[in-house]
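For reference, the chains in residue letters:
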2 protein chains.
Amino acid sequence: MADLPELTVQGWGPSGDRVATVAAREGATAPDDGVLELAPDSGDGLPRAARALLARELGWTPRPTPPVPVRDIRLAPSRLPADARARFVALLGEDAVLDDRHARLGHAGGKSYLDLLRRRGGDASDAPDAVLLPDGTEQVAALLRTCGELGVVVVPFGGGTSVVGGLAGTDADDRPVVAVDLRRMAGVRGLDVPSALVTVGPGMRGPALEEALAADGLTLGHLPQSWEFATLGGYAATRSAGQSSTGVGRFDDLVAGLTLATPSGVLELGNPPASAAGPDLLGLALGSEGTLGVITELRLRVRPRPRSSQYEGWSFRSWAAGLAALQRLARHDLLPDVVRLSDPDETRVSLRQSGGLGARVLRGTLRARRRGAGCLLVVGWEGLPTIVRARRSAASSVLRDGGAVRLGSRVGRSWVRHRFAAPYLRDRLLDNGLLVETLETAATWSALPGVYDAVRRALRGALTGPGRRPLVMTHVSHGYPTGASLYLTVLADRDDDLPIQQWLTAKRAATDALLAAGGTLTHHHGVGADHRPWLAQEIGPLGVDVLRSVKQRLDPQGICNPGVLLPD
Amino acid sequence: MADLPELTVQGWGPSGDRVATVAAREGATAPDDGVLELAPDSGDGLPRAARALLARELGWTPRPTPPVPVRDIRLAPSRLPADARARFVALLGEDAVLDDRHARLGHAGGKSYLDLLRRRGGDASDAPDAVLLPDGTEQVAALLRTCGELGVVVVPFGGGTSVVGGLAGTDADDRPVVAVDLRRMAGVRGLDVPSALVTVGPGMRGPALEEALAADGLTLGHLPQSWEFATLGGYAATRSAGQSSTGVGRFDDLVAGLTLATPSGVLELGNPPASAAGPDLLGLALGSEGTLGVITELRLRVRPRPRSSQYEGWSFRSWAAGLAALQRLARHDLLPDVVRLSDPDETRVSLRQSGGLGARVLRGTLRARRRGAGCLLVVGWEGLPTIVRARRSAASSVLRDGGAVRLGSRVGRSWVRHRFAAPYLRDRLLDNGLLVETLETAATWSALPGVYDAVRRALRGALTGPGRRPLVMTHVSHGYPTGASLYLTVLADRDDDLPIQQWLTAKRAATDALLAAGGTLTHHHGVGADHRPWLAQEIGPLGVDVLRSVKQRLDPQGICNPGVLLPD
């Protein structure tokens, strides 16, 4: 059921073959659990139910819009001077300097809708001139010094899953660009069990870390939808949030310390458990998106694997009632570890496009209770059984008082099973003439309803045309004492002539609207190139200047990920 | 019971008469609750039991060492030029510019042992040349611009309770100094109940805010020992922690946003509930200790007043067993909201110097169980009754498994009653020839025992002499998943000839030792002037340079609290 609303801007394919991510991946759909599964394929890679539903909702005519074959992607010759290449080889070794077509294409841009549109059209102008594979803080630090001397731009590369143009590599001075791929720095370097701290390389991925921690009964618990591909260093550089962040905390909260190699030297930041020794410099590295240097090591907070995990579904009659209940949970520190409230559009589409016995049973249940689709809430509780029991019981009272009806644990279990499946479906939609993109924000509980209305109005205004209208589906996925996030999935019939312009117009309208209504520019995707024009509105021109002064000290030549985060 | 170990560096007297704080305050001792109270006075303002105990422990001969009378304190004439004074009057009004003796003395320095020693000796060389009372962000911003033009140093003044020389006002260029007292900006400016956010002026104090919030059933819950006098702006500027910080979070965690007026303009920082829009600039203002500007407004997270509050005492046979049990609680997210584990020295002295039936009963109980004094643990649980019950029950199992014996709720209640009383006792000790000071740090659970040993060894080495030895009492007062704080109270016979040198030597040895063992320079007191020499060791020379680059952008003339935080 949760597949379509889960559609995100991350359209990864299998690791190591990122250029091919635009192709649908066989077996990418989650296994049928007999509850809520994808409907049968209609021949074009799309579930039949989704196809019919979307055609009706959007005024969309399905049509093949395949990507150009990889061999036809246009790639300019590498601009890396021979002497620079020689310096890199001397520093890192011959096998750590790649400038073949395959390596360069594999490090071109990220996974935003715009990134994918460009690459599907055969444009790889954002590919780096070479890919470097350093190993260790000292190599990275030496590399950054060298790039500073040579005037070579550095784009740090983790999982390549940025959805905001974080790998744009755009340089105003048009200098050569290298991607610094951190895959060789991907291991566990130390585990302090009593202090619940693990030291890892920045190129490590979540699944590998979870596997390593499981031996000691521990978990990190950070589960963004990009979990299969994104790296731990990338989470820190972009201030990621995961599906359990309401419970375990945002990635910011999980970083106890890190090493940041910069062109001016190495910073060791963070002093667990806590310090009052001046301003928090660790917080400057988190969210720096590669503009200050490269994160080369992380100390992360881990915790015991939960002894109890309980997921369940609830139904509210209205969005307002759902938000009010979540706010009440937040007020009393009763928010579940996972919380996900879908608005009426997301709930309706989820229920209709899902096949399987479970969805039919669920629809029947709702009808029997004389409820429309309403708003679906999925909650998850994790931890010690007695504590889970007490929290869940107290929270259930609040939900019931707020008019919610319990749907049971099958809905929750289904969500857990499908949680990483959606990006694969997205690729298939892109193959068939659709615009598919997401955006997200957060606001205080007081501002949240206004932000929701404003951003939806803006998107509908920008994407509605003769016989065409967008589908905008929204959910809250992260709750805080003071407010919550909003995650919006947008589908529309693609403008085949000006697809990039079509989305840029909608994105601009949505961003202007959400900022004016009191939302933040981004809750967990980061700034990248895409949000850069609004950063001064978010933190003020003087705030931007403060960041610039820090960058000037650490990266005086401006080689670290220019074109990202800081406005020109 | 908890009086003596509660001795802190804050020796405030009644508000508004800070110069006289060295005198004992009648009625400052907490009311006798029939459980654990101060023993009868022995005529010199000291409880008789404490007097005898300390004489024996320290090799100390009680002797009167009164402060010089206020009228004899030496104060140089104000150096504020007449034209600067006129500019300030034009900006703020005549009644907002004070340069009389009373006002200047009342804003001289903070409350560290060294501050008090100097003032007791009649030295007020750290007094500002004038005191300004701006009202509102615009006035503060204009004032800072003007001071930048005039070359007048600004020391922001909240409660005046710094214990690390945060109000030193030392300027390498010897420019005139004004204290900017924020008492006129001390009200609630807005309350957003659904979002649990209150907007306040920086000069507001905790008691006034709690009173204002109580009408809506809300609380902030930040309770440092300086609570009666310190201001909310000061908590933010110094990264304060309170007695309930394990539960409600450090003050950092309670600040959702703030306004920082700087000589270069005004910054609005923080975007609740959360954002990924670049590095966290709010974290640069927190802990900036007045070196970047003046905090002129705060948005703070509040919560419902707890429906259940349960405090109780436990006893461990050893420090190691107590630490191990706390670590296990932390591991399973079961730390109480208040947690305070005293080491054997602190426990022993607490029990012996306390009079009252309760202490006698407690001593009897421990004897009956064939336990020595051991280590006392006070825990407090707050929140919804069902959740408190579940957490307390699970935690009690862990404590019992760790060998602890429950002492009951009277011990806990007594601690709550006496929690703010100790600083008053300190003044009486200073009047009688004692050195009394505290220091604090934090470390990971793995490093904590080593830090504890190292810092005690250093203090004993520095303060032991013929027939004299220090008493060093320690407790853990803030627990985290990754580690905990250590709070040390040091008493020794004062060196009447070189009292300042005596403490500087001990402080230097202790700080070197705790840093070498893996502790942080300060867990919640801040850097100020006293910890400044070690900041580069804590955050690295490049980290210091990053802070300098931020300061250079916001305060190019270096007028904001020089001599504090950043090394020269």
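Rules behind the numbers
Numbers given to residues run from 1 along each chain, matching the order in which its sequence is written. Written order decides the labels, with chains lettered from A and ligands numbered from 1. Whole-chain, interface and lining totals are the exception, using all residues; otherwise, since this is a predicted model, local features are given only for residues with pLDDT of at least 70 and side-chain atom pairs are given and counted only at 80 or more. Heavy atoms throughout the structure, all of them, feed into the side-chain values; hydrogens and water do not. The numbering of helices and of strands both runs from the N terminus, where a helix is a DSSP run of H or I of at least 4 residues and a strand a run of E of at least 2. Each residue's exposure class comes from its accessible area (1.4 Å probe, protein chains only) as a fraction of the maximum for that residue type: buried when under 20%, exposed when over 50%, partly exposed otherwise. Contact definition: two residues touch when any of their heavy atoms are within 4.5 Å. Note that accessible areas follow from Shrake-Rupley with a 1.4 Å probe, and for residues the cover is restricted to the protein chains shown. Any two strands with at least two DSSP-identified bridges between them are counted as paired. When the copies are superposed, the least-squares fit takes in the C-alpha atoms of residues with a pLDDT of at least 70 in both. Buried area is a sum: the accessible area each of two parts loses on coming together, probed at 1.4 Å, counted once for each and added. One speaks of a salt bridge when a side-chain nitrogen belonging to Lys or Arg is within 4 Å of a carboxyl oxygen belonging to Asp or Glu. Here a polar contact is recorded for every N or O atom pair within 3.5 Å, except that within protein the pair must consist of a potential hydrogen donor and a potential acceptor, and residues adjacent in sequence are included only if both atoms are side-chain atoms. Basically, the charged four are Asp, Glu, Lys and Arg, the nonpolar ten are Ala, Val, Leu, Ile, Met, Phe, Trp, Tyr, Cys and Pro, and anything else, Gly included, counts as polar. Lines fitted to C-alpha atoms define the axes, with helix axes restricted to the stretch in contact, and inter-axis angles between N-to-C directions lie between 0 and 180 degrees. UniProt positions are given in the numbering used here, feature names are shortened, and annotations may be inferred rather than shown by experiment. All the domain ranges listed were derived from an automatic or database domain assignment. Note on angle classes: values under 35 degrees are labelled roughly parallel, values over 145 roughly antiparallel, values of 65 to 115 roughly perpendicular, and the remainder oblique. Left-handed describes a crossing whose near helix is turned anticlockwise from the far helix through less than a right angle; right-handed describes the clockwise counterpart. Think of the arc as the fan of directions from the helix axis to the C-beta atoms.

Caption draft 1: Here's a closer look at the overall build of chain A. Of regular secondary structure, chain A possesses 19 helices and 18 strands. For chain A, buried positions account for 65% of its 568 residues. Pairs at least 24 residues apart make up 79% of the contacts formed inside chain A by residues separated by at least 6 positions. Accessible surface for chain A amounts to roughly 18,700 Å². Of this, 51% is attributable to carbon and sulfur atoms.

Caption draft 2: Up close: the sheet that holds strand β2 (residues 130–132) of chain B. Residue and element names in this part refer to chain B. Strand order in the open sheet made by the 4 strands is β1-β2-β4-β3, with mixed pairing throughout. Edge positions in the sheet fall to β1 (97–98) and β3 (153–157), since each of these pairs with one other strand and no more. One ladder, built from 2 bridges, connects β1 with β2; its direction is antiparallel. If you follow L98 over to β2, its bridge partner there is V131.

Caption draft 3: Region of interest: the relation of the copies chain B and chain A. Between chain B and chain A, the superposition needs a rotation of 180 degrees and an axial shift of 0.0 Å, giving an RMSD of 0.0 Å. Such a combination of turn and shift is consistent with a two-fold rotation axis. Residue by residue, 100% of the interface of chain B is reproduced at the interface of chain A, so both copies engage with the same surface.

Caption draft 4: Representation of the interface of chain B and chain A within the structure. With 79 residues of chain B at the contact, the number on the chain A side is 79 residues. Here chain B and chain A share an interface that buries about 6,000 Å² over both sides, 64% of which is from carbon and sulfur atoms. In this assembly, chain B and chain A are joined by 2 salt bridges. Between R553(B) and D545(A) there is a salt bridge, with its nearest N and O atoms 2.7 Å apart. For the pair chain B and chain A, the interface holds 28 residue pairs in polar contact (both at pLDDT 80 or more). Breaking the side of chain B that touches chain A down by element, the ones donating at least two residues are β9 (265–269), α10 (282–285), β10 (294–301), α11 (319–331), α14 (385–401), β16 (434–444), β18 (483–493) and α19 (535–554) of chain B. Per-element accounting of the side of chain B that touches chain A gives the leading share, 12 residues, to α19(B). Counted by class, the side of chain B that touches chain A contains 38 nonpolar, 27 polar and 14 charged residues.

Caption draft 5: Looking closely at the sheet that holds strand β18 (residues 483–493) of chain A. All names here are of chain A. With antiparallel pairing, the 7 strands of this open sheet are ordered in space as β15-β12-β14-β13-β17-β18-β16. Of all the strands in the sheet, the pair left with one neighbour each is β15 (405–408) and β16 (434–444). Neighbour-to-neighbour, the strand axes of this sheet turn through a mean angle of 25 degrees, independent of strand direction. Two strands pair when backbone bridges link them, and strand β12 (residues 308–316) and strand β14 (residues 375–383) are joined in this way by 9 bridges, in the antiparallel orientation. Counterpart to G313 in the pairing with β14 is V378. Sheet strands in contact with helix α18 (residues 499–516) are β16 and β18, and its direction is about 10 degrees off that of β16.

Caption draft 6: A look at the UniProt feature "binding site: substrate" (unreviewed entry) in chain A. Residue and element names in this part refer to chain A. In the numbering used here, UniProt assigns the "binding site: substrate" (unreviewed entry) feature to R426. Position of R426 among the secondary structure elements: in helix α16 (residues 422–430). Residue R426 is classed as buried on the basis of its relative accessible area, which comes to 0%. At 3.2 Å, the side chain of R426 and the backbone oxygen of K111 are in polar contact.

Caption draft 7: Fine view of the pairing of strand β5 (residues 188–192) of chain B. All names here are of chain B. By the bridge criterion, 4 bridges tie β5 to strand β6 (residues 197–200) in an arrangement that is antiparallel. Bridge assignment links L191 to a residue of β6, and that residue is V198. Linking β5 back to β6 in an antiparallel pair, the connection comprises 4 residues, with A196 at a positive phi of about 55 degrees.

Caption draft 8: Structural detail: the side chain of T262(A). Checked against the element boundaries, T262(A) lands in strand β8 (residues 255–262). The residues touching T262(A), leaving out its near neighbours within four places in the chain, are L144(A), L292(A), G293(A), L554(A) and L542(B).

Caption draft 9: Inspection of the pattern of salt bridges at higher detail. Scanning all chains against the criterion turns up 58 salt bridges over all chains. Note that R175(A) and D171(A) form a salt bridge whose closest N and O atoms lie 2.9 Å from each other. Under the relative-accessibility criterion, D171(A) is labelled buried at 11%. The residue R406(B) makes a salt bridge to E312(B) at a minimum N-O spacing of 2.6 Å. Of this pair, R406(B) sits in strand β15 (residues 405–408) while E312(B) sits in strand β12 (residues 308–316); the two residues are 94 residues apart in sequence, bridging distant segments of the chain. Of the residues examined, E312(B) reaches a relative accessible area of 2% and is grouped as buried. Ionic contacts of the salt-bridge type, sharing partners, join the residues E57(A), D343(A), D345(A), R348(A) and R456(A) into one network.

Caption draft 10: Molecular detail of the domain arrangement of chain A. All names here are of chain A. According to the domain assignment, chain A contains domain 1 (308–419) and domain 2 (433–525). When each unit is reduced to the centre of its C-alpha atoms, the spacing between domain 1 and domain 2 is 23 Å. On the domain 2 side, the residues contacting the 16 residues of domain 1 number 17 residues. Of the roughly 1,300 Å² buried where domain 1 meets domain 2, counting both sides, 64% is carbon and sulfur surface. Among the residues domain 1 hides against domain 2, the three largest losses belong to W319, L323 and E346. Together they make up 32% of the total.

Caption draft 11: Quick look at the packing of helix α2 (residues 82–92) of chain A against helix α5 (residues 137–150) of chain A. Residue and element names in this part refer to chain A. In the contact formed by α2 and α5, the axes pass within 10 Å of each other and the chain directions differ by 165 degrees. Considered as vectors, α2 and α5 are oriented roughly antiparallel to each other. In terms of crossing hand, the pair formed by α2 and α5 is right-handed. Contacts between α2 and α5 pair A84, R87, F88, L91 and L92 from the former with Q139, A142, L143, T146, C147, E149 and L150 from the latter. Of the residues in the contact of α2 with α5, the class split is 8 nonpolar, 2 polar and 2 charged.

Caption draft 12: Up close: the pairing of β18(A). Residue and element names in this part refer to chain A. For β18, a buried count of 11 out of 11 residues is recorded, marking the element as mostly surrounded by other parts of the structure. Strand direction decides the pairing type here: β16 and β18, joined by 11 bridges, are antiparallel. Residue pairing in the sheet places L434 in a bridge with D493 of β18. Bridging between strand β17 (residues 471–476) and β18 involves 5 bridges; their strand directions are antiparallel.

Caption draft 13: Main features of α2(A). Residue and element names in this part refer to chain A. Looking only at α2, the buried set comprises A84, F88, V89 and L92. Along the axis of α2, the buried residues cluster in a sector spanning 140 degrees; they form a single face. Along α2, the residues that are exposed and aim more than 90 degrees away from the buried face are A82, D83 and A90. G93, located one to two residues past α2, shows a positive phi value of around 100 degrees.

Caption draft 14: How the structure looks around the environment of L554(A). All names here are of chain A. For L554, the position within the fold is in helix α19 (residues 535–554). The class for L554 is buried, based on a relative accessible area of 1%. Taking C-alpha positions, L554 is 9.4 Å from V266, a pair spaced 288 residues apart along the chain.

Caption draft 15: Quick look at unusual backbone geometry. Residue and element names in this part refer to chain A. Residue P273 is reached from P272 by a cis peptide bond, and omega for that bond is 5 degrees. Considering the arrangement of structural elements, one finds P273 in the loop between β9 (265–269) and α10 (282–285). Phi at E289 takes a positive value of approximately 55 degrees, unusual for a residue other than glycine. If you trace the backbone, E289 turns up in the loop between α10 and β10 (294–301). Judged by relative accessible area, which is 6%, E289 ranks as buried. Of note in this structure, N561 is not a glycine but carries a positive phi near 40 degrees.

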